[in-house]
Amino acid sequence: MKSIDQLVDIPAAGFPAWSPGSGHIAYLHDEPGSGWQLTLVDAATGDKRRLADQPVAPWRPSWSPDGSCVAVVRGTDLWLVGLDGQERLLVAGTGETRAPSFSPDGSVVAYISALAGSLDVWTAPVDGGAPRQLTSDTNPLDEPRWTPRWSPDGRWIAYVSSRSGERNNDDLWQVSADGTAHRQLTSGIWVNTDACWSPDGQRIVIVANAETEHWYGDDADLWIVSAGEGPCERLSGNGGHSWRLEGAGLAWAPDGETVYALHLHRGDKRVSATPANGGVRTVVSNLAGSVLDFALSPDGRQLALIHATQTTPPELLMLPTSGGLPRRLTDNSAAVEQDLPDPLRVSYRSFDGLYCDAYLYLPPDFDESRRYPGLVQVHGGGTNAYGNGWHPVEQWLARNGFVVMAVEYRGSSGYGRDFAGLSYADWGGGQTRDAVAAGEWLNAQPWIGKLGIYGGSYGGYLTLHAIVAAPDLFDAAVDMYGKTNMLTGQQHADRVGRVFVARDYWNRMGHEVPEAMARASTDHRLTEIKTPLLILHGDRDTRVPPGESAQVAATLAAAGIPHEYIVYPGEGHGFRQREHRVDCYERILAWFADRL
């Protein structure tokens, strides 16, 4: 994977959904440059065909109960796509539309719409008629999550709402199918997933944290919620559960005895099984790498997995729930064109004696008698993880002659609650020193020459902290859509960005803890930077506002510190458009090659 085209043009699979009869799987095929393509695969034969000519939005397809069509979103419109390829416009949106979900009797589709000025639950009759608004003031327009989920009998729709509070309220609610009755089902916990109903409709499973806990990212717990008046109880009490926001990541066995969920442990993300009435969690998909998403077949016999490794992009697999070998249904790996090596798993000792996990990517024909430029990669998300999965950028940089060390700094998920909790109320503290310690470890190796550091989002934020804290260690750096000022970054972020900071700082907003925000910011120390810095940001980023990078660029320019500042038009948090990805990666490679 030495060429830029190989890096950006590798396809991927995502968002699997079983047909009602378990004979087919609808999924989205991500083709760079052409978007998400709605695709159907025969579960028995593996035969695949595209169902729609035009790309669709990245939301899970929802099957009609008779298996004749799926509901998808295209632009702001809601469409029904038949197995014969015929398409019918169901709802012409005048604002954001997302997350379609067929009712159990197939008569209506529930979805999320911004038509009324907030993101609310609506329904649309399948055979014609005006859409109906069921909820109001459900979530603000800048809350990008959640999918409505029907009860098995079709009487209720469960959804997540923050209507009773900005900071600590992501509660589970339900609304009757006619919109006349409303119930709040949870309080005192932070809900991190959509509802997943038990087959009898009496219980709902979610992934959540208690209000008094750190927002553990991919290290949360399963909770069981009564669908009526009743308790909300923790099903698993030792963390490790990951979450997805598009109506997946959880499933009940048809007999109601088992809950399937994503589980992250030391980089590997797998599907776990937990007894629904309490008991020992065990692993179902014992595959190295990362299960990014899954869906359980209606008969409960098969799992459709989206699985990736260090050497293979996201593929669609089938795995029997009885155990055994998976069967691959896609061949996205063919686009890689050459075999890729697995990185080495290493540990390094940080400033306080604790060890951090890391992935070491080596150039082809690595020779310890030579000297190579080294790069420290700091992942995004803060409380998420780098993970043992598909990381084509690091593979590509290694193929171009760099040694890349991707670190799991303190706070990363998958290494236990104690390790995850070390970042609480300490942004830019111990995590920065972990990143610096990784650079010092690399720098001490006889086969390393000059040194660089890079990351995106929280990784960009930590990159800034690292080159401020250790101005003489790194010879070049790249900050992709990172934050420098915690106050302005929180004030102007979308709701997830605002709450992410508050939940890690005693549930306080930035102006309430100014001293802590100052310690966590680099804006007042940017003039201490000596490292040449490449800054990349999208002009429509709502998670980390582009003004954060503008602050960095303006300060460096005024101080005469070497830097380059690139803004990509039309891009949000991360770069999606092919031409921007090509430009971004070419700039990163040139930046490091010229300086290292």
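Conventions adopted
- Residues numbered from 1 in each chain as written.
- Predicted model: local features only at pLDDT ≥ 70, side-chain atom pairs only at ≥ 80, totals over all residues.
- Heavy atoms only, no water.
- Core = buried A, V, L, I, M, F, W, Y, C linked by side-chain atoms within 4.5 Å.
- Buried < 20%, exposed > 50% of the residue type's maximum accessible area, 1.4 Å probe, protein only.
- Pairing = 2+ DSSP bridges.
- Helix = DSSP H or I, 4+ residues; strand = E, 2+ residues; numbered from the N terminus.
- Expected span 1.5 Å × (residues − 1).
- Contact = heavy atoms within 4.5 Å.
- Polar contact = N/O pair within 3.5 Å; in protein donor to acceptor, adjacent residues only side chain to side chain.
- Disulfide = S-S within 2.5 Å.
- Axes fitted to C-alpha atoms, helices over the stretch in contact; angles between N-to-C directions.
- Parallel < 35°, antiparallel > 145°, perpendicular 65-115°, else oblique.
- Nonpolar A, V, L, I, M, F, W, Y, C, P; charged D, E, K, R; others polar.
- Salt bridge = Lys/Arg side-chain N within 4 Å of Asp/Glu carboxyl O.

Novice: Could you give me a rundown of the nonpolar core, with the residues and numbers involved?
Specialist: Residues Leu 536 and Phe 592 are the most contacted members of the largest nonpolar core, which totals 87 residues. Judged by nonpolar contacts, the second largest core, of 28 residues, contains Val 73, Val 108, Tyr 111 and Val 121.

Novice: Give me the lowdown on the sheet that holds strand β7 (residues 77-82), citing residues and values where you can.
Specialist: The strand order β5-β6-β7-β8 describes an open sheet built from four strands, whose pairing is antiparallel. Strand pairing shows two members of the sheet lacking a second neighbour, β5 (62-63) and β8 (87-91), which therefore form its edges. Note that β7 and β8 share four bridges and pair antiparallel. Bridge pairing links Val 81 to Glu 87 in β8.

Novice: Any details on the sheet that holds strand β11 (residues 120-125)? Residues and values, ideally.
Specialist: In spatial order, the strands read β9-β10-β11-β12; together these four strands make up an open sheet with antiparallel pairing. Strand pairing shows two members of the sheet lacking a second neighbour, β9 (97-102) and β12 (132-133), which therefore form its edges. As paired elements, strand β10 (residues 108-113) and β11 share six bridges and run antiparallel to each other. Of the residues in β11, the one forming a bridge with Ile 112 is Val 121.

Novice: Can you break down helix α4 (residues 430-443) residue by residue, with the values?
Specialist: Counted at 1.5 Å a residue, the expected span for α4 with its 14 residues is 20 Å, and the 20 Å between its end C-alpha atoms agrees. Gly 430, Gln 431, Thr 432, Asp 434, Ala 435, Val 436, Ala 437, Ala 438, Gly 439 and Leu 442 are the residues of α4 that are buried. Buried residues along α4 sit against β30 (344-349), β31 (355-361), β32 (372-378), β33 (403-408), β34 (448-456) and α5 (458-469).

Novice: An account of the side chain of Glu 548 is requested, with residue identities and associated values reported.
Specialist: You can see Glu 548 is positioned in helix α9 (residues 547-559). Of the polar contacts made by the side chain of Glu 548, one reaches the side chain of Gln 551; its length is 3.1 Å. The residues touching Glu 548, leaving out its near neighbours within four places in the chain, are Gly 482, Lys 483, Thr 484, Asn 485, Thr 488 and Gly 489.

Novice: Tell me about the state of the cysteines, and name the residues and values.
Specialist: Scanning all chains against the criterion turns up zero disulfides. Take Cys 232: it sits in no disulfide, and the sulfur closest to it among the cysteines is that of Cys 196, at 15 Å. The class of Cys 232 is partly exposed, set by a relative accessible area of 27%.

Novice: Lay out the packing of α4 against α5 in plain terms, naming residues and giving numbers.
Specialist: Relative orientation of the contacting elements α4 and α5 amounts to 75°, with a least axis distance of 9 Å. Looking at the two axes, α4 sits roughly perpendicular to α5. Contacts between α4 and α5 pair Gln 431, Thr 432 and Val 436 from the former with Tyr 458, Leu 462, His 465, Ala 466 and Ala 469 from the latter. Its residues assigned to classes, the contact of α4 with α5 shows five nonpolar, three polar and no charged.

Novice: Now, about the environment of Thr 135: what can you tell me, with residues and values included?
Specialist: Position of Thr 135 among the secondary structure elements: in the loop between β12 and β13 (149-150). Taking C-alpha positions, Thr 135 is 41 Å from Glu 408, a pair spaced 273 residues apart along the chain. In this view, Thr 135 contacts Asp 120, Val 121, Tyr 159, Arg 163, Val 175 and His 182; residues no more than four positions away in its chain are not counted. Polar contacts involving the side chain of Thr 135 include one to the side chain of Thr 138, which spans 2.6 Å.

Novice: Mind laying out the pattern of salt bridges, listing which residues take part and the relevant values?
Specialist: Under the definition given, this model contains 27 salt bridges. Measuring nitrogen to oxygen at the nearest pair gives 2.7 Å for the salt bridge that ties Glu 143 to Arg 145. Pair check on accessibility: Glu 143 and Arg 145 agree, each one buried. In this structure, Lys 530 engages Asp 472 in a salt bridge whose closest nitrogen and oxygen atoms are separated by 3.0 Å. Taken together, the residues span a long stretch of sequence, with Lys 530 in the loop between α8 (514-519) and β36 (533-538) and Asp 472 in the loop between α5 and β35 (476-480) at a distance of 58 residues. The exposure class of Lys 530 is exposed, given its relative accessible area of 52%. We classify Asp 472 as exposed; its relative accessible area is 61%. When salt bridges with common partners are traced through the structure, they connect Glu 143, Arg 145, Asp 170, Arg 495 and Arg 503 into a single cluster.

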